[in-house]
Amino acid sequence: MERKTWGRSTRPSLVTTMSRIGKKPIQAPETVKVTMEARLVKISGLKGEKTFVVPPELEVEIKNGQLQVKKVSNTRAAQKLYGTFARLLSNGVQGVNDGWKKTLELIGTGYRARLEGKSLVLTLGYSHPVKFNPPEGISFTVEENKVTVSGYDKHLIGQIAANIRAARPPEPYQGKGVRYLGEYIRRKAGKSAKVGAKV
């Protein structure tokens, strides 16, 4: 008798997908140096240096410029960390070698961005400008009301970009505000006067 599987997805689970990522060796370019001391993986390159602590459920093998993440056990915790940690190492290798960046755009009359030294100053319709001081490893560039956040730490870049967007999130009626480049904003229809209403 055929069993019915109502509501079950045929797509692979996130754990399965991340496990496939974990199995792939990570190739470090010649310009990237990878060393390991105790349970610390240090990745250094042209853009900077990143250090990762290897979870106790995993181990990292470095051979011929390749990093290979392996599970110490087959526990669920190890299964969850497996692909995630491999992706973190891969992002670290790319970050110190090529760098990461995220671009935002300012939409609105009078909205402006400028640099004061290394700091980013935004005019967003408030009574005062909004200023962002970059942490170490982060830099800002401004071009035609577009702000690009650059650096070697992908997570930190994402956080800084999110903080900038939060200074004036795009509103849903006219789309004014700070948004990620290419971000889709669902628009709402404005209130319209009722037909036949007295003015």
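Please refer to the structure higher up on the page.
Computed from a predicted structure; not experimentally measured.

### Focus on the sheet that holds strand β1 (residues 26-27)
Then step 1. If you trace the three strands from one edge of the open sheet to the other, you get β1-β6-β5, paired in antiparallel fashion. Where the open sheet ends on each side, the last strands, each with one partner, are β1 and β5 (58-63).
Then step 2. Sheet topology note: the β5/strand β6 (residues 66-71) ladder contains six bridges and is antiparallel. Across the sheet, residue Ile62 finds its bridge partner in β6, namely Leu67.
Then step 3. Running over the sheet, helix α2 (residues 76-97) touches β1, β5 and β6 and is turned about 165° from β6.

### Concerning the environment of Asn64
Then step 1. Mapped onto the elements, Asn64 comes out in the loop between β5 and β6.
Then step 2. Under the relative-accessibility criterion, Asn64 is labelled exposed at 73%.

### Focus: helix α3 (residues 154-166)
Then step 1. Compared with the 18 Å implied by 1.5 Å per residue over 13 residues, the 18 Å span of α3 between its first and last C-alpha is a close match.
Then step 2. Its side-chain oxygen placed 3.1 Å from the backbone nitrogen of His155, Asp153 serves as the N-cap of α3.

### Comments concerning the sheet that holds strand β12 (residues 146-151)
Then step 1. Spatially, four strands are ordered β11-β12-β7-β13 in an open sheet, and the strand pairing comes out antiparallel. In this open sheet, the two edge strands, each paired with only one partner strand, are β11 (138-143) and β13 (177-180). Strand-to-strand twist in this sheet, taken as the mean axis angle between neighbours without regard to direction, amounts to 25°.
Then step 2. Where strand β7 (residues 100-107) lies against β13, four bridges are found, and the strand directions are antiparallel. What sits directly across from Leu106, in β13, is Val178.
Then step 3. Against the sheet, α3 contacts β7, β11, β12 and β13, and its axis sits at roughly 10° relative to β7.

### Points about the packing of aromatic side chains
Then step 1. The tally for this structure, following the rule as stated, stands at one aromatic pair.
Then step 2. Between Phe52 and Phe85, the ring centres sit 6.4 Å apart and the planes meet at 90°, which makes this aromatic pair edge-to-face. A residue pair is termed long-range when its members are at least 10 positions apart, and Phe52 in strand β4 (residues 49-53) and Phe85 in helix α2 qualify at 33 residues. Side by side, Phe52 and Phe85 carry an identical accessibility label, which is buried.
Then step 3. Over the face of the ring belonging to Tyr180 we find Lys102, whose NZ or CZ atom lies 5.2 Å from the ring centre.
Then step 4. Stacked on the ring of Trp100, the Lys or Arg Lys154 has its end atom at 4.5 Å from the ring centre.

### Quick word on the pairing of β12
Then step 1. Pairing of β7 with β12, which is carried by six bridges, proceeds in the antiparallel orientation. Within the sheet, the bridge partner assigned to Lys101 lies in β12 and is Ser150.
Then step 2. A loop of two residues connects β11 with β12, the two strands running antiparallel in sequence, and Glu144 in this loop sits at a positive phi of about 50°.

### Topic: a positive patch on the surface
Then step 1. Among the surface-exposed residues, Lys24, Arg87, Lys102 and Lys154 lie close enough to one another that they form a single positively charged patch.
Then step 2. Assignment of secondary structure puts Lys154 in helix α3.

### Observations concerning the nonpolar core
Then step 1. Within the largest apolar cluster, 20 residues are counted, with the highest numbers of intra-cluster contacts made by Leu122 and Ile164.
Then step 2. Of all elements in the fold, only β7, β9 (119-123), β10 (130-132), β11, β12 and α3 reach the threshold of two or more residues within this core.
Then step 3. Among the elements that take part in this core, α3 stands out by supplying four residues, more than any other.
Then step 4. Every residue in contact with Ile164, bar those within four places of it in the chain, is listed here: Leu104, Leu120, Leu122, Phe132, Phe140, Val149 and Val178.
Then step 5. Among the nonpolar cores identified, the runner-up in size contains 19 residues, and Val32, Phe52, Val54 and Leu58 belong to it.

How each quantity is defined
Residue numbers here run from 1 along each chain, matching the order of that chain's written sequence. Per-residue local features are limited, in this predicted model, to residues with pLDDT of at least 70; the limit for side-chain atom pairs, both in listing and counting, is 80 or more; totals at the level of whole chains, interfaces and linings are taken over all residues. The basis for every side-chain value is the complete set of heavy atoms in the structure, and neither hydrogens nor water enter the calculation. Here the rule is simple: two strands pair whenever DSSP picks up at least two bridges between them. Numbering of helices and strands runs from the N terminus; a helix is a DSSP stretch of H or I covering at least four residues, while a strand is a stretch of E covering at least two. Between two residues, a contact is recorded if the distance between any of their heavy atoms is within 4.5 Å. Orientation is described by axes fitted as lines to C-alpha atoms, over the contacting stretch for helices, and by angles from 0 to 180 degrees between their N-to-C directions. Burial here depends on accessible area, computed with a 1.4 Å probe over protein chains only, as a share of the maximum for the residue type. Under 20% is buried, over 50% is exposed, and the range in between is partly exposed. Helix span, expected: 1.5 Å multiplied by one less than the number of residues in the helix. Between N or O atoms, a polar contact is any pair within 3.5 Å; within protein, one atom must be a potential hydrogen donor and the other a potential acceptor, and residues adjacent in sequence are included only when both atoms are from side chains. Each Phe, Tyr or Trp ring, with Trp reduced to its six-membered ring, pairs with another whose centre is within 6.5 Å; inter-plane angles below 30 degrees give stacked pairs, above 60 give edge-to-face pairs, and intermediate values give tilted ones. Placement of a positive charge over a ring is assigned whenever Lys NZ or Arg CZ falls within 6 Å of the ring centre and within 35 degrees of the normal to the ring plane. Exposure above 30% relative accessible area and the lack of any salt bridge qualify a residue for a patch; like charges then connect within 9 Å, and the nonpolar side chains Val, Leu, Ile, Met, Phe, Trp and Tyr within 5 Å. All accessible areas in this document rest on Shrake-Rupley with a 1.4 Å probe, and a residue is counted as covered only by the protein chains that are shown. In what follows, salt bridge is the name for a side-chain nitrogen of Lys or Arg lying within 4 Å of a carboxyl oxygen of Asp or Glu. In this charge count, Lys and Arg are treated as positive and Asp and Glu as negative; neither His nor the chain ends contribute. Taken as the charge location is NZ of Lys, CZ of Arg, CG of Asp or CD of Glu. Grouping buried Ala, Val, Leu, Ile, Met, Phe, Trp, Tyr and Cys residues that are joined through side-chain atoms within 4.5 Å yields what is termed a nonpolar core.

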